[in-house]
Protein chains: 2
Amino acid sequence: MDDSKPEQVKSIADLARIGGVSVSTVSRALTGKGALNKDTRERIQALADRHGFKLNVAAQNLRLGRSGAIAVLLPLGHERGQHLSDPFFMVMLGFLADALADRGYDLLLSRVLPQGDDWLDSFIRTGRTDGVIIIGQSNQSAVLDRTAAHYAPMVIWGEQSARNAHITVGTDNQAGGALAAQHLVERGRRRLAFFGNVAVPEFAARYQGFVAALPAELRDTVELVHTHITPQASLEVAAAWFAAGNRPDGLFAASDVVAMSLLSAATDNGLSVPGDLSIIGFDDIPMARLTSPPLTTVAQDIEGGARQLVDLLFRRLAGEDAGSISIAPRLVIRESS
Amino acid sequence: MDDSKPEQVKSIADLARIGGVSVSTVSRALTGKGALNKDTRERIQALADRHGFKLNVAAQNLRLGRSGAIAVLLPLGHERGQHLSDPFFMVMLGFLADALADRGYDLLLSRVLPQGDDWLDSFIRTGRTDGVIIIGQSNQSAVLDRTAAHYAPMVIWGEQSARNAHITVGTDNQAGGALAAQHLVERGRRRLAFFGNVAVPEFAARYQGFVAALPAELRDTVELVHTHITPQASLEVAAAWFAAGNRPDGLFAASDVVAMSLLSAATDNGLSVPGDLSIIGFDDIPMARLTSPPLTTVAQDIEGGARQLVDLLFRRLAGEDAGSISIAPRLVIRESS
DNA sequence: ATGCCTTAAGCAAACGTTTGCAAGCGTCTC
DNA sequence: GAGACGCTTGCAAACGTTTGCTTAAGGCAT
């Protein structure tokens, strides 16, 4: 009845012909949906295996009116022209990939250089994706809000704010900043500075939480040093800042990578950490323990965050009106403070 | 003629009805393919813009018999259960995303835990993707070879070998190992060790090139220390190794992350770098210059590699029988050696 | 033998595009 | 004035699935 030569089976129709059944039967056998005789189902499945046939996902999705993919977008609105290699992203991406794979969805990765204010809507309207996860608001909060108003399946990793209409999952950055402040104060540090780009909402909140948690007399003296968070940029800024004669005793960095730059620049200038000054990072990337001395840092639960992002997205896809989620940060004290 | 209420336009057919033309005309107007009166084309395009209509990419791809996506797979055959956060991957992924976007293709990201020997063929047969880029052979060379025999649009970032049937783009790892060896020898180092996992082809080649380039009398004394390349694993191995009393004067690491672990462990043991020993990494990730002292390393041209991977893939997609590409490494001397 | 119920499997439309073919129509040439 | 030609547009089939509806077949009670 069915030949054993490995003839090319390109579609359900080919398999139906070979198996002597109709296409609907093959479809029901392979998807497991709908009523079908157990023997027939097994026979067709075996036949499909023998010919190495798999359903064409594209056609399947078209028919089902979905795309089977979730887009993960990295907007590079700030950091223009700078390549993001921060391990934070890789860790996040890894966990997202796993969480989406668990649900049978593909991960569509895209770095976007926001142009105008239509990039997000345009992307969504192509129907390439069933939902969107955005890593970081960058400087695109307005665009995100506009889209959120009519498009439900979108969640953003970033800073939560009452002013935002879009749904977020993210670390409580203010609380994180406060943890850093308290720790430095406990260590008796008084000449403080924050390194980061406060045009980015997450970093602004870290800075704000940091300042707010300081005793009143220190609040006005804390310096805000602007830097992008790439290794190159932050190292240059840090080197120039120390070269200018600045001699702080407590530094809080917007990210671990920036903290590593600070550590490097401080050491280059003959300062000892934590002898002369304390340095605190943010993220707790896996490499944070590899510096000398190992980095004290405010840890973000990236794995939990990724899981929450995906959970929330799928709840919203299902029509539920689920809201933003805030995750508590945790201070990890190592030897740089 | 055409109303201005923002009525929901879900398909080319809706737009055709509103515009008073046929679906084929709309299709030709929006894709720019086929002959069409300039006025009509512009009128339809304006109409589409006004209604915020975009062609459905899924349907388009189905009709065109393609998927419009390229899969990037990270096989985790070795490093099981370990999460890869290495900046190398993020940098590579970023460049790949850009190169694919330039060609109008989506990037489908997938981490795979190889199960059995059918994971790759199964994935490909779903028709989810038009081509595959695999980052690292991991321990799956046999699977890759089997697939390469009947599936052309697949390129692998990794180690090139005459034994492999699959097409690769990658750094000449042996040459890279040789660069490290020559450099250490020039520095007068004699008690040498390599840290890495030689079950991974790239690392094996680095080790082999390293040993082969040493003067005969050193070749037998160089120690091979097995370690996974995650920060956690390599730091543990390095700490234990130093704790066991090993006192080398030249270390070559399979990656910069491993080198950072070595640096950290050496410092913890009161050894000075480069005073007591030299350390050389591999990759030249952006963070390599942030360590104290900054890391000497064998640089891989990741951007060039990504571009070559994509070029090669599209040449093969076009039917050309293009072959493997080897990229020369470059020694970057900083202060850890 | 008839009718009814259950189970199994087929038919055909639909998802939203693209494109070969053909038709309509105006213009040009001789 | 007739045929040829070029340009523009429409018709309908096709891409590979899923699924509501229908039919066929068999079993069982009457």
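Keep in mind it's a predicted model, so treat the numbers as computed, not measured.

About the cut-offs
- Residues numbered from 1 in each chain as written.
- Chains lettered and ligands numbered in written order.
- Predicted model: local features only at pLDDT ≥ 70, side-chain atom pairs only at ≥ 80, totals over all residues.
- Heavy atoms only, no water.
- Near = heavy atom within 4 Å.
- Polar contact = N/O pair within 3.5 Å; in protein donor to acceptor, adjacent residues only side chain to side chain.
- Helix = DSSP H or I, 4+ residues; strand = E, 2+ residues; numbered from the N terminus.
- Nonpolar A, V, L, I, M, F, W, Y, C, P; charged D, E, K, R; others polar.
- Pairing = 2+ DSSP bridges.
- Axes fitted to C-alpha atoms, helices over the stretch in contact; angles between N-to-C directions.
- Parallel < 35°, antiparallel > 145°, perpendicular 65-115°, else oblique.
- Contact = heavy atoms within 4.5 Å.
- Salt bridge = Lys/Arg side-chain N within 4 Å of Asp/Glu carboxyl O.
- Buried < 20%, exposed > 50% of the residue type's maximum accessible area, 1.4 Å probe, protein only.
- Least-squares fit on C-alpha atoms with pLDDT ≥ 70 in both.
- Domains from an automatic or database assignment.
- Buried area = accessible area lost by both parts, 1.4 Å probe.
- Lys, Arg positive; Asp, Glu negative; His and termini not counted.
- Right-handed = clockwise from strand over helix to strand, strands pointing away.

**Looking at the protein's contact with DNA strand C**
Phase 1: Close contacts around DNA strand C come from 25 residues, with A:Ser22, A:Thr25, B:Ser27, B:Gln60 and B:Arg63 the closest.
Phase 2: B:Gln60 is positioned such that a nitrogen or oxygen atom in its side chain is 2.6 Å from a phosphate oxygen of DNA strand C.
Phase 3: When residues of the surface near DNA strand C are traced back to their parent elements, those giving at least two are helix H2 (23–31) and helix H4 (57–64) of chain A together with helix H2 (23–31) and helix H4 (57–64) of chain B.
Phase 4: A per-class count over the surface near DNA strand C returns 8 nonpolar, 12 polar and 5 charged.

**What to know about the sheet that holds strand E11 (residues 325–327) of chain A**
Phase 1: Strand order in the open sheet made by the 12 strands is E11(A)-E5(A)-E4(A)-E3(A)-E1(A)-E2(A)-E2(B)-E1(B)-E3(B)-E4(B)-E5(B)-E11(B), with mixed pairing throughout. The sheet terminates laterally at E11 of chain A together with strand E11 (325–327) of chain B, the two strands that pair on one side only. Each strand axis lies, on average, 20° off the axis of its neighbour in the sheet, ignoring direction.

**A word on the environment of B:Leu179**
Phase 1: Along the chain, B:Leu179 falls in helix H8 (residues 173–186).
Phase 2: With 103 residues separating them along the chain, B:Leu179 and B:Leu76 place their C-alpha atoms 28 Å apart.

**Section: the packing of H2(A) against helix H3 (residues 38–50) of chain A**
Residues and elements named next belong to chain A.
Phase 1: Closest axis-to-axis distance for the H2/H3 pair is 9 Å, and the angle between their directions is 85°. Comparing the axis directions of H2 and H3 gives the class roughly perpendicular. Only Thr40, Arg41, Ile44, Gln45 and Ala48 of H3 make contact with H2, whose side of the interface consists of Thr25, Val26, Arg28, Ala29 and Leu30.
Phase 2: Broken down by class, the residue content of the contact of H2 with H3 amounts to 5 nonpolar, 3 polar and 2 charged.

**Quick notes on unusual backbone geometry**
Phase 1: The omega torsion of the bond from A:Ser292 to A:Pro293 falls at -10°, within 30 degrees of zero and hence cis.
Phase 2: With respect to the secondary-structure elements, A:Pro293 resides in the loop between strand E9 (278–283) and strand E10 (296–299).
Phase 3: With omega at 10°, the peptide bond leading from B:Val273 into B:Pro274 counts as cis.
Phase 4: Residue position: B:Pro274 is located in the loop between helix H12 (256–268) and strand E9 (278–283).
Phase 5: Even without being a glycine, A:Asp283 presents a positive backbone phi close to 125°.

**Details of the sheet that holds strand E6 (residues 192–196) of chain A**
All names here are of chain A.
Phase 1: What the 6 strands build is an open sheet, ordered E7-E6-E8-E9-E10-E12; its pairing is mixed. Pairing within the sheet leaves two strands with one partner each, and these edge strands are strand E7 (223–226) and strand E12 (330–332). Averaged over all pairs of adjacent strands, the angle between strand axes in this sheet comes to 20°, irrespective of strand direction.
Phase 2: Note that E6 and E7 share 4 bridges and pair parallel. Looking at the pairing, Phe195 lines up with Val225 of E7.
Phase 3: Where helix H9 (residues 201–212) meets the sheet, its contacts fall on E6, E7, strand E8 (250–253) and E9, and the angle it forms with E6 comes to roughly 170°.

**Some thoughts on the pattern of salt bridges**
All names here are of chain A.
Phase 1: Tallying each qualifying case throughout the model produces 24 salt bridges over all chains.
Phase 2: The partner of Asp118 in a salt bridge is Arg125, with the nearest N and O atoms 3.8 Å apart.
Phase 3: Residue Arg125 is classed as partly exposed on the basis of its relative accessible area, which comes to 33%.
Phase 4: Between Asp284 and Arg334 there is a salt bridge, and its shortest N-O distance comes to 3.0 Å. Here the residue Asp284 occupies a position in the loop between E9 and E10, and Arg334 occupies one in the segment after E12, the gap between them amounting to 50 residues. With respect to burial, Asp284 and Arg334 carry one shared label: buried.

**Brief notes about the protein's contact with DNA strand D**
Phase 1: If you check the shell around DNA strand D, you find 25 residues, and the closest are A:Ser27, A:Gln60, A:Arg63, B:Thr25 and B:Thr40.
Phase 2: Sugar plus phosphate, as a fraction of atoms of DNA strand D within 4 Å of the protein: 60%.
Phase 3: In this structure, a phosphate oxygen belonging to DNA strand D sits 2.8 Å away from a main-chain N or O atom of A:Ile12.
Phase 4: Between DNA strand D and the protein, one listed contact pairs a phosphate oxygen with a side-chain N or O atom of B:Thr40 at 2.7 Å.

**Describing the relation of the copies chain B and chain A**
Phase 1: Each copy superposes on the other: chain B lies on chain A with an RMSD of 0.1 Å after a rotation of 180° and an axial shift of 0.0 Å. In the structure described here, the two chain copies are related by an operation that fits a two-fold rotation axis.
Phase 2: With an isologous cut-off of 70% or more, the 100% of interface residues of chain B that recur at the interface of chain A puts this contact in the isologous class.

**Some details on the domain arrangement of chain A**
Residues and elements named next belong to chain A.
Phase 1: Assigned domains of chain A: these are domain 1 (12–55), domain 2 (69–171 + 303–325) and domain 3 (173–299).
Phase 2: Here domain 2 and domain 3 have C-alpha centroids that lie 28 Å from each other.
Phase 3: Listed by partner, the interface residues are 18 residues for domain 2 and 19 residues for domain 3.
Phase 4: Surface buried jointly by domain 2 and domain 3 totals about 1,400 Å² across both partners, of which 59% is contributed by carbon and sulfur atoms.
Phase 5: Taken together, the links from domain 2 to domain 3 amount to 0 salt bridges.
Phase 6: In this structure, the connection of domain 2 to domain 3 is made through 2 residue pairs in polar contact (both at pLDDT 80 or more).
Phase 7: The dominant element in the side of domain 2 that touches domain 3, judged by the number of residues it contributes, is helix H5 (residues 87–102), at 3 residues.
Phase 8: Among the residues making up the side of domain 2 that touches domain 3, the classes are represented as 5 nonpolar, 10 polar and 3 charged.

**A closer look at the side chain of A:Asp130**
Residue and element names in this part refer to chain A.
Phase 1: Tracing the backbone through its elements, the reader meets Asp130 in the loop between helix H6 (119–125) and strand E3 (131–135).
Phase 2: Despite being buried, Asp130 has no salt bridge partner; Arg66 is the closest side chain of opposite charge, sitting 5.0 Å away.
Phase 3: Only 2.7 Å separates the side chain of Asp130 from the backbone nitrogen of Ser67, close enough to count as a polar contact.
Phase 4: Here the side chain of Asp130 touches Gly68 through a polar contact of 2.8 Å, landing on its backbone nitrogen.

**A short note on the pairing of E3(A)**
All names here are of chain A.
Phase 1: For E3, a buried count of 5 out of 5 residues is recorded, marking the element as mostly surrounded by other parts of the structure.
Phase 2: Alternating residues of E3 divide into Gly131, Ile133 and Ile135 and Val132 and Ile134, and every residue in both groups is buried.
Phase 3: In the sheet, strand E1 (residues 69–75) pairs with E3 via 4 bridges, with the strands oriented parallel. By the bridge assignment, Ala71 is partnered in E3 with Val132.
Phase 4: For E3 and strand E4 (residues 154–157), the ladder comprises 4 bridges, and the chain directions are parallel. If you follow Ile135 over to E4, its bridge partner there is Trp157.
Phase 5: In this fold, E3 hands off to helix H7 (residues 141–148), which returns the chain to E4; that crossover is right-handed.

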